[in-house]
Amino acid sequence: MSRSKSVLTQLLQIFPQWRPQMYFKASLTALSHAMEDQVLAGSEEPLVIASFQRERFYRQEAQRYRRIAQKSNQVYVLAAPETDFKNRSDDYETIAFDNEDTLTQEWHLIVLGDTYSSCLICQEKITAQSQTMTAVIDNNRRFEGIWTFDRRVTEQAAHILFKTILDYRPELEEKIQNACTQYRLSDLFKEEPPQQKDIDNTTWDVTNNNPDPFVQRLVTYLQAGQYKLIKANRSLAAKEHKERLINSVTTAIRLSLDPDEIMQIAVQKLGEGLGVCRCLVYRCKETDPTATIEHEFLNQGIPSIKGQTWPLRHNPLFQEVVELRDALTIDNASSDPRIINGANPSEQSLQTLVSRCSILSWMLVPICYRGRLLGMLELHHCGPKPVTWKEEDVALVNAIATQIGVALIQAEAYANLQDLNEQLEALDRTRSNLVAITGHELRTPLSTIQVCLESLASEPDMSPELRQVMLNTALQDAERMRKLVQDFLTLSQLESGRVEWNIEALNLHECIELSLSNVRARHKDTPLPNIENLVKEELPLVKADGEWLVEVLAKLLDNACKFTSEEGKITIEVSSHSRNHIEVTVADTGRGIEPKRLETVFDRFYQEEGALRRSTGGTGLGLAICRQIVRGWGGKIWAESQGKDHGSQFHFTVPIYPDQMPIQRSNQTMTRSSRGKPKAKGKRKK
Ligand code: ADP
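Conventions adopted
Residues numbered from 1 in each chain as written. Predicted model: local features only at pLDDT ≥ 70, side-chain atom pairs only at ≥ 80, totals over all residues. Heavy atoms only, no water. Helix = DSSP H or I, 4+ residues; strand = E, 2+ residues; numbered from the N terminus. Buried < 20%, exposed > 50% of the residue type's maximum accessible area, 1.4 Å probe, protein only. Contact = heavy atoms within 4.5 Å. Areas by Shrake-Rupley, 256 points an atom, 1.4 Å probe, with all protein chains shown as cover. Patch = residues over 30% accessible without salt bridge, like charges linked within 9 Å, V, L, I, M, F, W, Y side chains within 5 Å. Salt bridge = Lys/Arg side-chain N within 4 Å of Asp/Glu carboxyl O. Lys, Arg positive; Asp, Glu negative; His and termini not counted. Charge placed at Lys NZ, Arg CZ, Asp CG, Glu CD. Pairing = 2+ DSSP bridges. Expected span 1.5 Å × (residues − 1). pLDDT = per-residue confidence, 0-100. Axes fitted to C-alpha atoms, helices over the stretch in contact; angles between N-to-C directions. Parallel < 35°, antiparallel > 145°, perpendicular 65-115°, else oblique. Left-handed = near helix turned anticlockwise from the far one by under 90°. Nonpolar A, V, L, I, M, F, W, Y, C, P; charged D, E, K, R; others polar.

K.L.:
Please provide a residue-by-residue account of the overall build of the protein, values included.
P.N.:
Tallying secondary structure elements over the protein gives 17 helices and 22 strands in all. Buried positions account for 45% of the 686 residues belonging to the protein. The long-range share in the protein, meaning contacts at least 24 apart out of those at least 6 apart in sequence, stands at 71%. Summed over its atoms, the accessible surface of the protein is roughly 36100 Å², and 51% of this surface lies on carbon and sulfur atoms.

Shown next as structure tokens:
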């Protein structure tokens, strides 16, 4: 509940011709300061009444009022208390008005001297917006009211405020009476306030004022205000530029999920935005010895370092950034002790780097994501003069480095997702194939087995010969189904990456002999073509999983036997075209493969016959399994043929064991005697 009526309203009732004017808080501050300065600079002892909306506004000016109080003993300050503002008579009179008083919405300053007078009587325009305003835009708060040098208006305003002061502090009556006498105010306590009719025809008394010094001061304040505004604008513009740059880099890099593109865009935009001579970005880990510069922004005339190797392990600056996980700046590389001292080889190489790349001012900012180092951003100034990196520059580059980190992680996640999708697609294909096999390949032998067994069960009088034929047919088809299921499971296991590779040093000759004996055992009842192992025993050891290597050889030999007549010939030989691997060839003089099918034969379920039942048997999965195995040790497999009836050659590569001396393996020790001996497939426990 308000205790007093609005001073502005009361004044306007007395002077209805006056139209209130709109003032921003900043203008009121300037006007008040100018009025107060007039008191401080003058030699009079004026009456000063100041009413602040809140104690906190008064506190900003308290020092001023103590100085004003040294000029005059008629100083009254009103405010709504917040902490320790109380009714007091110390240096000057303080009047603490109620928090509900209308004065909390008003701003008044009255200065009444012998030769000058001025008053500022305003009321805040409270809008929904102004209530939520923050301190930053406090200066935009709006008021409306009167500011004048007119003595009569000033007197009436003093009159109204004195009445309010007496309401709160009646004990000041005598002091206020004295003020009325001293400043020739009408006797407030005897006379009614003048009515409109009394003052309508009066001429405004402004002649006794000399507003010049006042105006001078006001201009000074306005100038100062303007200067502050320009400064604020400048810092706003810089902030805006920074935000725009971060936004444009962020927007641009978010459009891409390709790490190379992300880094190129980032380096370009950042380099342009900051106007540096050179900007670099590269991927790296803490432990990398070097990085290759692939993404660079250059200003005109600056030498490129694209494609060059950038030192990391022996670069003390890189190591410092990695350790601190924070940006590092060097204003002048030619005087920085980390560079010029050159006490150790790392520092000397840094010196060489600085002079080779003409780096004068340097900034390194790490690109991290959740503490993981993903790369580095570097800014170089190449002269002629060094630059001083500002805190806001570092903050800006840091913000962009964070964005690059996020974009790189997104790109990584996308690539992983794509991988996962491919794996899922492969699994889906496998599943579809399983359905197809069950439909076509398994159903046929199953039907045969069923027919045979039904006949055996339902015809007890069947001749023993026919009974034997029935049983043999059922057994053959059961075996065919078993092979198909086994091959399918093997391929699924290889394709899903669930294979534990047991890589070891192997003697190739022995592997071939083992696979040959497997093949011969399998075909013991059928005549085979002539098979020749041309591989010498004293070859270097190869590096592969023995069981799977024997499996590949056996499958290729099996095929060669299947597709070559007994008059034909099969040879196994090796050649070496590189120091790193050996090429193994299984060649036959059999039916050959059409050139356009040389790649397709490795597809799952490819069979030239395309028939459900073939004279040659087989599942159509053998070569697909071989390809997966060979890829497992990082090799290649391919087929060659001059075409139908011109024989085929199947080649695959296997790495040479790098260290041909006895070696320690992680879970077992390999001795010379056991070394190189392959194990037959099927003994492995998984
Ligand atoms: P399959 O179990 O049918 O042999 P593979 O995947 O091992 O399955 O072979 C796929 C197909 O490739 C065979 O059906 C055959 O048509 C062709 N093929 C494989 N090896 C030879 C070879 N040595 N000569 C001619 N054709 C071959």
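K.L.:
Which residues make up a negative patch on the surface, and what are the values?
P.N.:
The grouping of D258, D260, E261 and E294 at the surface amounts to a negative patch. By the secondary structure assignment, E294 is in the loop between β10 (290-292) and β11 (295-298).

K.L.:
Can you tell me about the pairing of strand β21 (residues 637-641), naming the residues and giving the values?
P.N.:
Burial along β21 is one-sided: I637, A639 and S641 are buried, while W638 and E640, pointing the other way, are not. With five bridges joining them, β21 and strand β22 (residues 648-655) adopt antiparallel strand pairing. Note on β22: the bridge partner recorded for A639 is F650. Between β21 and β22, which pair antiparallel in sequence order, lie six residues; one of them, G643, sits at a positive phi of approximately 115°.

K.L.:
So what about helix α14 (residues 464-495)? Which residues, and what values?
P.N.:
The end-to-end C-alpha distance of α14, which contains 32 residues, comes to 46 Å, matching closely the 46 Å that a straight helix rising 1.5 Å per residue would cover. Within α14, the full set of buried residues consists of M470, A474, D477, R480, M481, L484, D487, F488, T490, L491, S492 and L494. Once α14 ends, the next one or two residues include G497, with phi positive near 75°.

K.L.:
Before we move on, can you summarise the confidence of the model for the protein with the specific residues and values?
P.N.:
Reading fine detail from the predicted coordinates is not recommended where pLDDT is low. In this model, the protein carries an average pLDDT of 85, and 86% of its residues clear a pLDDT of 70 or more. For the stretch residues 661-675, pLDDT sits under 50, and the model shows 22 contacts to residues farther than four places along the chain or on other chains.

K.L.:
Go over the pattern of salt bridges with me, naming the residues and quoting the values.
P.N.:
Per the counting criterion, the structure on display carries 26 salt bridges. Where E82 meets R56, a salt bridge forms, and the shortest distance between an N and an O atom there is 2.8 Å. Here E82, found in the loop between β3 (75-79) and β4 (88-89), pairs with R56, found in helix α3 (residues 55-71); they are 26 residues apart in sequence, far enough to count as distant. Residue E82 is classed as partly exposed on the basis of its relative accessible area of 33%. R56 gets classed as partly exposed once you look at its relative accessible area, which sits at 42%. Of the charged contacts in the structure, one is a salt bridge between R151 and E155, with a shortest N-O distance of 3.6 Å.

K.L.:
Break down the packing of helix α15 (residues 508-522) against helix α16 (residues 546-562) for me, citing the residues and quoting the values.
P.N.:
α16 packs onto α15 with a crossing angle of 50° between their chain directions and a minimal axis gap of 8 Å. By the angle between their axes, α15 is oblique relative to α16. Classified by chirality, the crossing of α16 by α15 is right-handed. In this structure, α15 uses L508, C511, I512, L514, S515, L516, N518, V519 and R522 to contact α16, whose residues at the interface are L549, V550, L553, A554, L557, D558 and C561. Of the residues that constitute the contact of α15 with α16, the class distribution is twelve nonpolar, two polar and two charged.

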